Amino acid sequence: MKEYIDRQVEQRQRAWEAAKALLDTAAAEKRDLTAEEEASYKKMNDELNERAARIEALKADAEREAKIEAATREIAGQVRQTKAASTDADTIRSMARGEMRSFTFETRDVVKTSSGAPVPTSFFDQVIAQARLVGPMLDTSTVLRTAGGENLQIPSQAGWSTAAITGEGTAISESDPTFNSFITLGAYKYSFLVQLSRELIEDSGVDILSFLATQTGNALGYKVNADLTTGSGTNAPKGVVAAAGSGVTGGTGVSGAFTADNLIDLAYSLDGAARRLPGVGWMMNTASLGAVRKLKDTAGFYIFSPALADGNDQLLNFPVYENPAMAAQATSAKSVVFGHLPSYYVRMAGGLRLDRSDDYAFNADLVTFRATMRVDGNLPQVSHIKYFIGNAS
């Protein structure tokens, strides 16, 4: 597995070198990319993204296999010939049969007659899921997990104590630190229903647990990530973009696009102490990341560096996180944020819950599953994360 991952990293680096060569040729000839070169560059850019995703998936598989192997070794010799333990899939089917009403796991009705519904003519245990990037906010933020959803107050410091030279026999002056108003985190409820026909549950050849987990993760994860990114703070979390401090405004007449100098200025708009904290990085969407890969500094060096081993791609020596909820480059659009991303706090109350009901759609013989998740978020220390915004003109 390691050799294959290393080969993917090597091939990704080759794609990046080829992309740089294409851009360098156009720059040397003082022209834009031709249509054919633009298509080639897009293909190379897509390969960079695809190989990065493949590397992360392979690493996750390797870690999962290692954990399973370790767990197997731990319980070896302790297994007795008793009734087989229930799996998570058995739990879901128990819920479908009415033996269980709810369970906590990490809208359309789906019936056998739905086009392409996962009911086998011959047994096949997988569904090809639609792939999409959910987002990084629950990974890059500080997540506070609580049992209940009562208000949670987070303090933040506004100013430091200051020292002064004090003469002999002179009273020492008092200097206390100052604090901002509390940030209050509540718990907004995110939820949705998905209904499965009883025939689908009884006849399906797919792993019902995996199918529901995929739907739940996509539906809740995508919406939660979007609000934690751009939420206004009114009847929704205050997203990191809305909460961040002003860093750099772009130039005029460029439709909100950023330059290499803009991004350098944004990085150094952050206080040096905050910039040295672990977890400092960039956040932007796919289109902005593609634009970044074309940028050079005044010495002619690309400011983007692809990850050659474990970790994220680098921009000015700081990791880059791709977030589909970030705005694209446009006038008055906040398309990039930079700073100490763990300074953004996410509050999760009670975990992710899945419940089942036979009664909700009893007349249609549909089994209804309800997924709920309670979340809020805000940035107590505004000076720790700054944004780039395109000029209004």
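Residues numbered from 1 in each chain as written. Predicted model: local features only at pLDDT ≥ 70, side-chain atom pairs only at ≥ 80, totals over all residues. Heavy atoms only, no water.

Chemist: Hey, could you run me through helix α8 (residues 260-267) in this one?
Modeler: Owing to its 3.6 residues per turn, the α-helix aligns residues three or four sequence positions apart on the same side. All of the buried residues along α8 are Ala-260, Asn-262, Leu-263, Leu-266 and Ala-267. The arc that holds every buried residue of α8, seen down its axis, measures 160°, which confines them to one face. (Buried < 20%, exposed > 50% of the residue type's maximum accessible area, 1.4 Å probe, protein only. Helix = DSSP H or I, 4+ residues; strand = E, 2+ residues; numbered from the N terminus. Arc of directions from axis to C-beta.)

Chemist: Explanation requested: the pattern of salt bridges in the structure shown.
Modeler: Any two side chains of opposite charge can pair, so long as their charged atoms come close to each other. Scanning the model with the defined rule gives 13 salt bridges in all. Lys-294 is the salt-bridge partner of Glu-38, the closest N and O atoms lying 3.3 Å from each other. Via salt bridges that share partners, Arg-12, Arg-293 and Asp-313 belong to a single interconnected network. (Salt bridge = Lys/Arg side-chain N within 4 Å of Asp/Glu carboxyl O.)

Chemist: Can you help me understand the nonpolar core in this one?
Modeler: Most often, soluble globular proteins have nonpolar side chains that are buried together. Counting residues in each nonpolar core, the largest one holds 36 residues, and the members touching the most others are Leu-196, Tyr-344, Val-375 and Ile-385. Sorting the residues of this core by element identifies β8 (188-197), α5 (198-203), α6 (208-230), α7 (240-243), β15 (345-361), β16 (366-378) and β17 (385-389) as the ones contributing at least two each. Looking at this core, the element that brings in the most residues is α6, giving six residues. With residues up to four places along the chain from it excluded, the contact list for Val-375 reads Ala-187, Tyr-188, Tyr-190, Val-224, Leu-228, Pro-237, Val-346, Arg-347 and Met-348. Residues Leu-23, Leu-289, Ile-303 and Phe-304 belong to the second largest nonpolar core, which totals 33 residues. (Core = buried A, V, L, I, M, F, W, Y, C linked by side-chain atoms within 4.5 Å. Contact = heavy atoms within 4.5 Å.)

Chemist: Before we go on, may I ask you to explain the sheet that holds strand β13 (residues 318-322) in this structure?
Modeler: Through backbone hydrogen bonds, the strands of a sheet pair up, either in parallel or in antiparallel fashion. Pairing within the open sheet is mixed, and its seven strands lie in the order β9-β17-β14-β10-β13-β12-β11. Edge positions in the sheet fall to β9 (245-249) and β11 (304-305), since each of these pairs with one other strand and no more. Pairing analysis gives four bridges linking β9 to β17, with the strands arranged parallel. In the strand pairing of β17, Thr-249 is matched with Ile-389. (Pairing = 2+ DSSP bridges.)

Chemist: Any chance you could explain the layout of surface pockets here in plain terms?
Modeler: Any empty space left between atoms is shown by rolling a water-sized probe over those atoms. By volume, the second largest pocket is sized at about 260 Å³. Forming the boundary of the second largest pocket are Gln-157, Ala-158, Gly-159, Trp-160, Asp-271, Ala-273, Ala-274, Leu-277, Gln-381, Ser-383 and His-384. At the level of secondary structure, the elements contributing two or more residues to the lining of the second largest pocket comprise β5 (157-159) and α9 (272-275). Element by element, the count of residues in the lining of the second largest pocket is highest for β5, at three residues. Considering only residue class, the lining of the second largest pocket consists of five nonpolar, five polar and one charged. (1 Å grid on protein atoms, 1.4 Å probe; cavity = no way out; pocket = protein on both sides within 12 Å on 5 of 7 lines; lining within 4 Å. Points joined across faces, edges and corners; volume = space filled by probe spheres on them. Nonpolar A, V, L, I, M, F, W, Y, C, P; charged D, E, K, R; others polar.)

Chemist: What is the right way to read the confidence of the model for the protein from this model?
Modeler: Atom-level detail of predicted coordinates should not be read off regions where pLDDT is low. Summing up the model confidence of the protein, the mean pLDDT is 81 and the portion of residues at 70 or higher is 79%. No element of the protein has a lower mean pLDDT than strand β2 (residues 109-110), which averages 53, and none a higher one than β17, which averages 97. This stretch, residues 74-85, has a pLDDT under 50; its non-local contacts, to residues over four places away or in other chains, come to one contact. Confidence drops under pLDDT 50 across residues 119-126; counting only partners more than four residues distant or on other chains, this segment forms 13 contacts. (pLDDT = per-residue confidence, 0-100.)

Chemist: How do you make sense of the packing of aromatic side chains when you look at a structure like this?
Modeler: Under the definition given, this model contains five aromatic pairs. Plain terms: the ring middles of Phe-258 and Phe-388 are 5.8 Å apart, the flat faces sit at 85° to each other, and that makes the pair edge-to-face. One end of the pair, Phe-258, is in the loop between β9 and α8; the other, Phe-388, is in strand β17, with 130 residues separating them in the sequence. With respect to class, Phe-258 is no different from Phe-388; both count as buried. For the ring pair Phe-318 and Phe-338, a centre distance of 5.1 Å and an interplane angle of 75° mean the geometry is edge-to-face. With Phe-318 in strand β13 and Phe-338 in strand β14 (residues 334-340), the pair connects residues that are 20 residues apart, well separated along the chain. Classification of Phe-318 by relative accessible area gives buried; the value is 17%. (Phe/Tyr/Trp six-rings, centres within 6.5 Å; stacked < 30°, edge-to-face > 60°.)

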